[in-house]
2 protein chains.
Amino acid sequence: MKKPEKITSRTANFAKWYVDVITQADLMNYGPIKGTIYFKPLGYKIWENIVKIVNAYFVKQKIENVYFPLLIPQDFIEKEKKHIEGFAPELLTITKVGGKNLVENIYIRPTSELLFADYFKAEIAKNNILPIKLNQWSQVLRWEKTTNPFLRNTEFLWQEGHTIHASKVEADQFAKKIARFYKYFLENYLAIPVISGQKTEREKFAGAVNTYTVEAMMQNFRALQSATAHFLGQNFAKNFEIFYKNKENKSQIPFQTSWGLSTRLIGAIVMVHSDDNGLIFPPKIAPIQVDILEFFSKKNQEVKIFAKKIAKILKNAKISYKIDDTDQQIGYKINNSEVHGAPIRIEIGPNEVKNNQICLVRRDNHQKFFFNIDLLKEKCRKILEQIQADLFKKAKIRLLENTVFVNSINEFEQAIKNNKFVIAPFSESPEREQEIQEKTGATARCILPKNSFFALPQTGNSIFSGEKTNKFVLFAKSY
Amino acid sequence: MKKPEKITSRTANFAKWYVDVITQADLMNYGPIKGTIYFKPLGYKIWENIVKIVNAYFVKQKIENVYFPLLIPQDFIEKEKKHIEGFAPELLTITKVGGKNLVENIYIRPTSELLFADYFKAEIAKNNILPIKLNQWSQVLRWEKTTNPFLRNTEFLWQEGHTIHASKVEADQFAKKIARFYKYFLENYLAIPVISGQKTEREKFAGAVNTYTVEAMMQNFRALQSATAHFLGQNFAKNFEIFYKNKENKSQIPFQTSWGLSTRLIGAIVMVHSDDNGLIFPPKIAPIQVDILEFFSKKNQEVKIFAKKIAKILKNAKISYKIDDTDQQIGYKINNSEVHGAPIRIEIGPNEVKNNQICLVRRDNHQKFFFNIDLLKEKCRKILEQIQADLFKKAKIRLLENTVFVNSINEFEQAIKNNKFVIAPFSESPEREQEIQEKTGATARCILPKNSFFALPQTGNSIFSGEKTNKFVLFAKSY
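Residues numbered from 1 in each chain as written. Chains lettered and ligands numbered in written order. Predicted model: local features only at pLDDT ≥ 70, side-chain atom pairs only at ≥ 80, totals over all residues. Heavy atoms only, no water.

In the annotation of UniProt, the entry for chain A reads Proline--tRNA ligase, and the organism field reads Mesomycoplasma hyopneumoniae. The UniProt entry for chain A carries the following comment under Function: "Catalyzes the attachment of proline to tRNA(Pro) in a two-step reaction: proline is first activated by ATP to form Pro-AMP and then transferred to the acceptor end of tRNA(Pro)." Of chain A, the UniProt comment under Subunit reads exactly: "Homodimer." (UniProt positions renumbered as here; feature names shortened; annotations may be inferred.)

Next comes the structure, spelled out in structure tokens:
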């Protein structure tokens, strides 16, 4: 019999709490190579749920799925210098096959802009049709110095979308549209409130003109860049010599975008919602929405029958469930359900059967509900909706309560020391951003848009130069 | 305007015909590295359809999806010698990261038995629960000397299932069950008849005890190994020292299986069903089941309206479709539809609109149907079913007509020369198989089971030794 393990508390050691939760909740095991993980069934199921929802949106947008090679040749690598400088230290390099040296090194994709540029070039030369909107569900590899399961893995799963357009405005607008969808997806499905905006020059994607990001706050008040969309301008098109003919039959250089979200979001779900008892899944993304726990069912066959009756109702209501029909102790079963994060558990003992009664417990706040089984479908749906809303609300309050405005360097440093998200008037150089990072550990997360939900003043004085600016930048310590 | 290209005929050059079809039908472009391809939207959609059907079966069988690392460490490679000998020449080897040499080489998975063994070991040590049934949808890489799009790529997409069981019989039966499913899937969804059976010692998977295979016949009468399931015995479990405790609390070594099908099946679909005009998709796997072609719609708005009306009916009937509303010539549109393989096309001109009439053409035999639009849903469904059945029947007849029984070496050699599938009584050594391959180019595809659909005699005399045997082996030239 498996013994229950102890989860470190968040206040004692947040990093250890995180690893305790994801391992004890069976999301992953460590892989044999640094920074790699085995996605276990429950962990992978979260990703499958994410894929399903996000992919449905892409299909609606007439974005077509493709699959492009994992391998990038040497000569591609030399084509886009800024892009590759950003990724060079992380590139896994194949130099041998079956013990024999290759003539030219081959690289494993850290992202696929180079391959999509190559593909677009050939397709446009052949058909001269724009825009092309593609996406692939795949993995990329980046050899990171510091790794953290889901948050920063050597290998991670993601979608990477790539589009190419005749019009600059159309491309930039498309990248922004995707960023808006990412925000919508995180807030409405993962119950994770985000701050969205444009990256600073220093923080934008290597090779992009603009990067649009959505940033979330973890329970330790650190920021997590949760998804990004890039307007690439003509950077890749120029280097790959991609041309299309316009209506006047003149050669023109098109504009590109790329955008992605990854299994990093699994880490975000855990770090935003879970507690010291284990995982808490937002119902809309939960692999299992309801745990049905049988108590004393070995001696009480009617408990098993009642559990099956409940399961049937849930199945018809399209609510996912799992029955715990093991011989474990009650305490163990409850603990086990709490660790694995099903938003609701239903406890069935002989009393429930006798009274035709449901005993339902919310995972997030341990609130108990008792009602007749006839109300199960309706109640269950309502409570799942309520949990989804409450998790979002709780996270949103946390985000708002821990985001502060500052007007001076002193205030800035103090706020970062206090683990706050900090918004400051800021029109400084990338070098100044680097100084800030070295001194405080905080980085610029994004430039806030004018329509941000924060009531920003029209202008302020940039915290270093004192220069008047209408640019407000969010800073935070981040993953 | 894109010009129609010419497809080489099958009789002129089968290999060139194949490449012409898959490129002109927009299934793929060649990738930048030898043996890699860009899966274009239509090609990838076939794979998505395969995944959907096969995955639904796995879910029903309570096989759980996971995702395991792409990277295999040096010390794993040294654990299973027979297995690795089979793959060593094809292993892509990472020796550097960001320009710096690694202390130990890292290998890209050619298959993941080693990783699953490592995972099973940890899980069973922790929980002692058997069986475990896992699957992953991913890619593997094998550096092949001769490559061929879809059929033999450096990188290909596949599912690889891995299970571990307490009982030897249970494991072997499970591998057989999966092989039966593969046969069912190919025959019922891809309309590809197969011969299934066990691999010979020489041909079985590196590291397996038994390999169960399904073999299909292409239109040039070459065999394609289309999916395999392996009973691995305790080979990996012993090398990885995997133990479980039985009811008497004694340490036991469990038994494993692994099994997979891949994007090679896309090549099989093309090579079994298509013709000199291009692709022909079996309706159950077709990305687009119906092409709706508008003729003269620029001058006749009512043609567009009629097309939309048809589309609406098909959508409600859950039949996939695509409208060609371009300004191309009629001949071009028909040709283009034929190339891309939709099983049915509907041609709409002003006459059809006037008479409220559907003009429907079968892609496979060019049969034309005229009927009132009110019958569309019913007719369309029926004709799609008929096409599915007819494609299977045609391929099955080809398989039967081109499979011969032989009783001597001379007959054997003559039959192989005539491009036949050859069944021979055969109880010879692996060395003899190798001789046969060197002399005739044919390899043993599988040992036929007793319940094969071929009416096999009880026994025969092995074609070399003359020894009496009840073993009948299928030989063929293969991909």
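Points about the overall build of chain A
Each helix and strand in chain A was counted, giving 14 helices and 25 strands. Here the C-alpha radius of gyration of chain A, 25 Å, is about what a compact globule of 479 residues would show, namely 23 Å. Seen through its C-alpha atoms, chain A measures out along the principal axes to roughly 80 × 55 × 50 Å. Here chain A holds 479 residues, and the buried ones make up 59% of them. In chain A, 70% of the contacts between residues at least 6 apart in sequence involve partners at least 24 apart. Separation between the mean location of the 70 positive side-chain charges and that of the 50 negative ones in chain A comes to 4 Å. (Helix = DSSP H or I, 4+ residues; strand = E, 2+ residues; numbered from the N terminus. Rg over C-alpha atoms; globule rule 2.2 N^0.38 Å. Buried < 20%, exposed > 50% of the residue type's maximum accessible area, 1.4 Å probe, protein only. Contact = heavy atoms within 4.5 Å. Lys, Arg positive; Asp, Glu negative; His and termini not counted. Charge placed at Lys NZ, Arg CZ, Asp CG, Glu CD.)

Focus: the interface of chain A and chain B
The interface of chain A with chain B comprises 54 residues on the first partner and 53 residues on the second. Carbon and sulfur atoms supply 63% of the area buried between chain A and chain B, which totals about 4500 Å² over both sides. Among the residues of chain A in contact with chain B, Y38, P41 and Y67 of chain A are the three that bury the most area, contributing 15% of the side total. At the surface where chain A touches chain B, the tally comes to four salt bridges. Across the pair K126 of chain A and D26 of chain B runs a salt bridge whose closest N-O atoms are separated by 3.8 Å. One can count 26 residue pairs in polar contact (both at pLDDT 80 or more) joining chain A with chain B. Where strand β5 (residues 92–97) of chain A meets strand β5 (residues 92–97) of chain B, five bridges bridge the pair, whose relative direction is antiparallel. Across the sheet, I94 of chain A pairs through a bridge with I94 of chain B, a residue of β5 of chain B. (Buried area = accessible area lost by both parts, 1.4 Å probe. Salt bridge = Lys/Arg side-chain N within 4 Å of Asp/Glu carboxyl O. Polar contact = N/O pair within 3.5 Å; in protein donor to acceptor, adjacent residues only side chain to side chain. Pairing = 2+ DSSP bridges.)

Let's talk about the sheet that holds strand β18 (residues 357–362) of chain B
Residue and element names in this part refer to chain B. If you trace the five strands from one edge of the open sheet to the other, you get β16-β15-β17-β18-β19, paired in mixed fashion. Lying at the two open borders of the sheet, with one neighbouring strand each, are β16 (321–324) and β19 (368–372). In this sheet, adjacent strand axes meet at a mean angle of 25° when their direction is disregarded. Here four bridges tie strand β17 (residues 344–348) to β18, and the two strands are oriented antiparallel to one another. (Axes fitted to C-alpha atoms, helices over the stretch in contact; angles between N-to-C directions.)

What to know about the domain arrangement of chain A
Residue and element names in this part refer to chain A. In terms of domain boundaries, chain A breaks down into domain 1 (14–273), domain 2 (290–382) and domain 3 (403–477). Contacts between domain 1 and domain 3 engage 20 residues on the former and 20 residues on the latter. Contact between domain 1 and domain 3 buries roughly 1600 Å² in total, counting both sides, with carbon and sulfur atoms accounting for 61%. For the domain 1 face of the interface with domain 3, the top three residues by lost area are I195, T200 and R202, together amounting to 39%. (Domains from an automatic or database assignment.)

Comments concerning the relation of the copies chain A and chain B
Turning chain A through 180° and shifting it by 0.0 Å along the axis lays it on chain B, with an RMSD of 0.0 Å. These values place the two chain copies in the arrangement generated by a two-fold rotation axis. Among all C-alpha atoms of chain A, that of I94 of chain A lies closest to the rotation axis, at 2.1 Å. Most of the interface of chain A is mirrored in chain B, where 98% of its interface residues again form contacts. (Least-squares fit on C-alpha atoms with pLDDT ≥ 70 in both.)

Regarding the packing of aromatic side chains
Enumeration according to the criterion identifies 54 aromatic pairs over all chains in this entry. Measuring from centroid to centroid gives 4.9 Å for F426 of chain B and F475 of chain B, while their planes differ by 70°, and the two rings are edge-to-face. Linking F426 of chain B in the loop between β21 (421–425) and α14 (430–440) with F475 of chain B in strand β25 (residues 472–476), this pair joins segments that are 49 residues apart in sequence. Exposure class is identical for F426 of chain B and F475 of chain B. Each is buried. Ring-pair connections join several aromatic residues into one group, and the members of that group are W47, Y57, F58, W137, F174, F181, Y182, Y184, F185, Y189 and W259 of chain A. Over the face of the ring belonging to F240 of chain A we find K79 of chain A, whose NZ or CZ atom lies 4.6 Å from the ring centre. A cation sits over an aromatic face here: R222 of chain B above Y479 of chain B, 4.3 Å from the ring centre. (Phe/Tyr/Trp six-rings, centres within 6.5 Å; stacked < 30°, edge-to-face > 60°. Lys NZ or Arg CZ within 6 Å of the ring centre and 35° of its normal.)

Overview of helix α10 (residues 330–340) of chain B
Residues and elements named next belong to chain B. Here α10 has its buried residues at Y332, K333, S337, E338, V339 and H340. On the buried face of α10, the contacting elements are α1 (14–24), α2 (41–60), β15 (290–294), β16 and β17. Backbone geometry just after α10 places G341 at a positive phi near 85°.

Overview of unusual backbone geometry
In this chain, L130 of chain A is followed by P131 of chain A through a cis amide linkage whose omega measures -5°. Structurally, P131 of chain A can be placed in the loop between α5 (113–127) and β7 (132–141). Its identity is not glycine, yet K318 of chain A carries a phi of approximately 55°, on the positive side. Looking at the secondary structure, you find K318 of chain A in the loop between α9 (301–316) and β16 (321–324). In this structure K318 of chain A comes out as exposed when scored by relative accessible area, which is 77%. One non-glycine residue with positive phi stands out, namely N249 of chain B, at about 65°. Here N249 of chain B is to be found in the loop between β12 (244–245) and β13 (251–252).

Notes on helix α8 (residues 264–273) of chain A
α8 of chain A sits mainly inside the fold: 10 of its 10 residues count as buried. For α8 of chain A, the set of buried residues is R264, L265, I266, G267, A268, I269, V270, M271, V272 and H273 of chain A.

Focus on the side chain of Q74 of chain B
Summarising the element assignment, Q74 of chain B is placed in helix α3 (residues 74–77). Other than its neighbours up to four places away in sequence, Q74 of chain B contacts E104, N105 and Y107 of chain B.

Examining the packing of helix α13 (residues 409–417) of chain B against α14 of chain B
All names here are of chain B. Orientation of α13 relative to α14, taken along the N-to-C sense of each, is 50°, at an axis distance of 11 Å. The orientation of α13 with respect to α14, classified from their angle, is oblique. The handedness of the crossing between α13 and α14 is right-handed. Taken together, the residues of α14 that come into contact with α13 (itself represented by F412, E413 and I416) are I436, K439 and T440. In terms of residue class, the contact of α13 with α14 is built from three nonpolar, one polar and two charged. (Parallel < 35°, antiparallel > 145°, perpendicular 65-115°, else oblique. Left-handed = near helix turned anticlockwise from the far one by under 90°. Nonpolar A, V, L, I, M, F, W, Y, C, P; charged D, E, K, R; others polar.)

Thoughts on the pairing of strand β6 (residues 100–108) of chain B
All names here are of chain B. The pairing of strand β4 (residues 71–73) with β6 spans three bridges and is classified as antiparallel. Bridging across to β6, L71 finds its partner in I108. When β5 meets β6, the two strands line up antiparallel, connected through four bridges. The residue bridging I94 from the neighbouring strand is I106, located in β6. Counted along the chain from β5 to the antiparallel partner β6, the turn is two residues long, and its residue G98 has a positive phi close to 55°.

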